[in-house]
Amino acid sequence: MNKHYLGWATFVAVNGGLLFGLNMAGISGAVSFIQNYFSLNDIALGLAVSSLTVGCLIGALFAGLLSDKYGRKKMLIFTAFVFIISALGCSVAHSLSVFIISRIIGGLAVGAASVLCPTYITEIAPADKRGSLVSYNQLAITIGILLAYAIDYILVDANNNWRLMLSVPMIFGVIFLILLIVSFPESPRWLVRAGDEDKAKGILKKIGGEEFASNEVASISTSLKKDNTSRAKLGDLFKGKMGYVLLLGTLLAVFQQITGINAVINYAPTIFEKTGMSSYTALLQSIIVGLVNFLATIIAVRLVDKKGRKILLLWGAAGMTISLTFLSLTFIMSGIGNTWVLISILTYIVFFAASLAPVMWIVTSEMYPTKYRGAAMSFSTAVSWICTLVVVQFFPWILNNLGGTISFGIFAFFSLAAYIFIRIYIPETKGKSLEQIETELGLSTGGKNE
């Protein structure tokens, strides 16, 4: 196995995840400055922050479909361009409308990256390494979040601080674009489906040698023939067993978002300030949140191919339920202190980052068959972005009007629901080839099985 070639392809792909994290968390330290600059109330502030997720929804909805048609690589190159344009627009915006439009454009790229990066890695990785390699995308997201918090803290006293904070993704977008253009292979599974088996075999040969390449191409070709070679029809996504599997993947993606992660990531300094902390202390503690998020994701990377997907999901959902319940109680327990708020949030982050954060992307990308993977990933990811939009848009209002107890109590309830759902319905996919997973789920004939 050529670890260097596989590692390089994965490294380039996860730069999309890095930009995902930078864009999602970069605004957290800028929230109060943006609110003052544009004179925003809670609802308007929620719109300014959540506008990114409007673009995410659109980007996620169409990225998979377009990548099925034009290829994963071409869509990633386009995504890098969009990241650059968005960061430039946010950094020069002098009106709220221009700012929101730029955020929506950035969301297009974030939404596209949220589909394309795990899909690409899933399709290029060998079965025994697929879980950990797809997890690297989530690790890159957490690095982006941590970088965003740290940069926001460094720039807090600078002139035009919020503009500088939001311009950072432009630099990393240029790097991502160069890497994609200079040396980045197309997905071999997409190439086989597009009829270019020789090129696919060449890429797979670089990854695992002649025998590995021949076996993989033969397996992919057989799977596609069973599924028939015609293009996937959008309506087929919702029929028979394919519709059932799509429902499972979509609900898992929904639970990843409605358990509150983006409320914490986008508004961490605001949450800490609500407990009486100064702005500087709140920003510093946000960096701790980002660091713990990063370190906990490493746990998932190390365990997901050893212990399995389902066990991580179950432990994560259980831990999130307990920590969020305690967090909700800290807002009504007088004299408990700010330290317990931080501990509760960090505990929640640990369980989320080691489970739902990376494993959702792994399981959904593994369950969906090659023929429908791009479109199915687009659909489930787009639905999850709708949930993100609702959470990010209304969290400031809920926190200010209903308080932290109800805000985090809601997230605790959904975490418990996630645990029950995962325990009953989500299959274990560890160590299985994508074609084997298709067969076990009854999808080897296009999802129209009885």
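Our subject in this report is the structure included herewith. All values reported here derive from a predicted model rather than from experimental measurement. (Residues numbered from 1 in each chain as written. Predicted model: local features only at pLDDT ≥ 70, side-chain atom pairs only at ≥ 80, totals over all residues. Heavy atoms only, no water.)

1. Section: the packing of aromatic side chains
One pass over the structure, following the stated rule, counts 17 aromatic pairs. Taking the centre distance of 5.7 Å and the plane angle of 35° together, the rings of Trp8 and Phe11 count as tilted. Pair noted here: Trp8 and Phe11 are both in helix 1 (residues 3–25), with a separation of three residues, about one helical turn. Judged by its relative accessible area of 35%, Trp8 is partly exposed. Given a relative accessible area of 43%, Phe11 falls into the partly exposed group. Summarising the aromatic geometry, the rings of Phe99 and Trp162 are spaced 5.8 Å apart at their centres and angled 75° between planes, so their arrangement reads as edge-to-face. Of the two residues, Phe99 is situated in helix 5 (residues 96–124) and Trp162 in helix 7 (residues 161–182); the sequence distance between them amounts to 63 residues. By relative accessible area, Phe99 is classed as buried at 0%. The ring of Tyr37 has Arg163 lying over it, and the distance from NZ or CZ to the ring centre is 5.2 Å. (Phe/Tyr/Trp six-rings, centres within 6.5 Å; stacked < 30°, edge-to-face > 60°. Helix = DSSP H or I, 4+ residues; strand = E, 2+ residues; numbered from the N terminus. Buried < 20%, exposed > 50% of the residue type's maximum accessible area, 1.4 Å probe, protein only. Lys NZ or Arg CZ within 6 Å of the ring centre and 35° of its normal.)

2. A closer look at helix 5
Given a rise of 1.5 Å per residue, 29 residues ought to cover 42 Å, and the 42 Å separating the end C-alpha atoms of helix 5 matches this to within 8%. The largest bend along helix 5 reaches roughly 25° and is located at Ala113. For helix 5, the tally of buried residues reaches 22 of 29 residues, placing the bulk of the element in the interior. (Expected span 1.5 Å × (residues − 1). Bend = angle between axes of the 7 residues up to and from the residue.)

3. Topic: the environment of Asp305
For Asp305, the location among the structural elements is in the loop between helix 12 (279–303) and helix 13 (309–330). Those residues in contact with Asp305 that sit more than four places away from it in its chain are Asp128, Lys129, Arg130, Gly131, Ser132 and Lys430. Within the structure, Asp305 has its side chain in polar contact with the backbone nitrogen of Ser132 (distance 2.8 Å). Polar side-chain contacts of Asp305 include one of 2.8 Å to the side chain of Arg309. (Contact = heavy atoms within 4.5 Å. Polar contact = N/O pair within 3.5 Å; in protein donor to acceptor, adjacent residues only side chain to side chain.)

4. Quick look at the side chain of Arg163
By the element assignment, Arg163 lies in helix 7. One buried charge, Arg163, has no salt-bridge partner; the nearest side chain with opposite charge is Asp152, at 14 Å. A polar atom in the side chain of Arg163 sits 3.3 Å from the backbone oxygen of Ser91. Not counting residues up to four positions away in its chain, the partners in contact with Arg163 are Tyr37, Cys90, Ser91, Val92, Ala93 and His94. (Lys, Arg positive; Asp, Glu negative; His and termini not counted. Salt bridge = Lys/Arg side-chain N within 4 Å of Asp/Glu carboxyl O.)

5. So, a nonpolar patch on the surface
A surface patch of nonpolar side chains, amounting to about 670 Å² of accessible area, comprises Ile43, Ile386, Val390, Phe394, Trp397, Leu402, Ile406 and Ile410. Residue contributions to the nonpolar patch peak at seven residues, all from helix 16 (residues 373–425). Within the fold, Ile410 resides in helix 16. (Patch = residues over 30% accessible without salt bridge, like charges linked within 9 Å, V, L, I, M, F, W, Y side chains within 5 Å. Areas by Shrake-Rupley, 256 points an atom, 1.4 Å probe, with all protein chains shown as cover.)

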